[in-house]
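Next come the chains, spelled out residue by residue.
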Amino acid sequence: NERQACDVFCLVHGAFSPLQGFMEETAYNSVVKDMRLPEKQLFGLPVTLDVQSIAGLKEGDKILLKWEGKEVAVLEASSIYKPNKVVEAKECYGTSSLEHPTVHSLIAELGQYYIGGKVHGLES
């Protein structure tokens, strides 16, 4: 989707530095709990790639990421996990109420699994 594509382009072009890819579970939990990466750099919100199903996926896979029919990046899947979205909502947005638009999106629209790992941009 468009949000994921934006995140991929931000990762590839260094806008989410020091991140080099979508957050692995350890980094995700650290940011949700403490607003810091495991290396202690301040990072306000998790940067995650959500998917509905992980059928056929395993850690170590290389996943081709496309946007509008174009191949834009490759994700090295080093972490596949099911986040606790209620905790994420409470810690990151201060509420788990579905009346909050971002919490509603997090709980009701985003995929139930996250895939973390390094993202490599492809030349266009």
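For the structure itself, consult the block above.
Attention here is on the structure that accompanies the text. Small disclaimer: the values here were computed from a predicted structure and weren't measured.

Procedures and definitions
Residues numbered from 1 in each chain as written. Predicted model: local features only at pLDDT ≥ 70, side-chain atom pairs only at ≥ 80, totals over all residues. Heavy atoms only, no water. Core = buried A, V, L, I, M, F, W, Y, C linked by side-chain atoms within 4.5 Å. Buried < 20%, exposed > 50% of the residue type's maximum accessible area, 1.4 Å probe, protein only. Contact = heavy atoms within 4.5 Å. Patch = residues over 30% accessible without salt bridge, like charges linked within 9 Å, V, L, I, M, F, W, Y side chains within 5 Å. Areas by Shrake-Rupley, 256 points an atom, 1.4 Å probe, with all protein chains shown as cover. Salt bridge = Lys/Arg side-chain N within 4 Å of Asp/Glu carboxyl O. Helix = DSSP H or I, 4+ residues; strand = E, 2+ residues; numbered from the N terminus. Pairing = 2+ DSSP bridges. Phe/Tyr/Trp six-rings, centres within 6.5 Å; stacked < 30°, edge-to-face > 60°. Axes fitted to C-alpha atoms, helices over the stretch in contact; angles between N-to-C directions. Parallel < 35°, antiparallel > 145°, perpendicular 65-115°, else oblique. Left-handed = near helix turned anticlockwise from the far one by under 90°. Nonpolar A, V, L, I, M, F, W, Y, C, P; charged D, E, K, R; others polar.

1. As for the nonpolar core
In terms of nonpolar packing, the biggest core is built from 31 residues, with F22, M23, L65 and L75 touching the most fellow members. With sequence-adjacent residues up to four places away left out, L65 is seen in contact with V8, F22, L49, K70, E71, V72, A73 and L75.

2. Side note on a nonpolar patch on the surface
A surface patch of nonpolar side chains, amounting to about 240 Å² of accessible area, comprises V86, L98 and I107. Secondary-structure assignment places L98 in the loop between helix 3 (85-93) and helix 4 (101-109).

3. Comments concerning the pairing of strand 6 (residues 113-121)
Pairing of strand 1 (residues 21-22) with strand 6 involves two bridges; the strand directions are antiparallel. The residue bridging G21 from the neighbouring strand is K118, located in strand 6. Across three bridges, strand 2 (residues 49-51) lies against strand 6 in antiparallel orientation. Within the sheet, the bridge partner assigned to D50 lies in strand 6 and is Y114. Bridge analysis of strand 4 (residues 70-76) against strand 6 gives three bridges, and the strand direction is antiparallel. The partner of A73 across the bridge, within strand 6, is G121.

4. Topic: the packing of aromatic side chains
Enumeration over the complete set of coordinates arrives at three aromatic pairs. Centre to centre, the rings of Y28 and Y114 are 5.5 Å apart; their planes meet at 80°, and the pair counts as edge-to-face. Of this pair, Y28 sits in helix 2 (residues 25-34) while Y114 sits in strand 6; the two residues are 86 residues apart in sequence, bridging distant segments of the chain. No difference in accessibility class separates Y28 from Y114, as the two residues are buried. A ring pair is formed by Y81 and Y114, whose centres lie 5.7 Å apart and whose planes are at 85°; its orientation type is edge-to-face. With Y81 in strand 5 (residues 79-81) and Y114 in strand 6, this residue pair connects regions lying 33 residues apart in the sequence. Exposure class is identical for Y81 and Y114. Each is buried. Connected via pairs of aromatic rings, a cluster forms that spans Y28, Y81 and Y114.

5. Observations concerning the packing of helix 3 against helix 4
Where helix 3 meets helix 4, the axes come as close as 10 Å, and the angle between the chain directions of the two elements is 160°. Looking at the two axes, helix 3 sits roughly antiparallel to helix 4. Where helix 3 crosses over helix 4, the handedness of that crossing is right-handed. Every residue of helix 4 that contacts helix 3 at K85, V86, E88, A89 and Y93 is listed here: T102, V103, L106 and I107. Partitioned by chemical class, the residues of the contact of helix 3 with helix 4 number six nonpolar, one polar and two charged.

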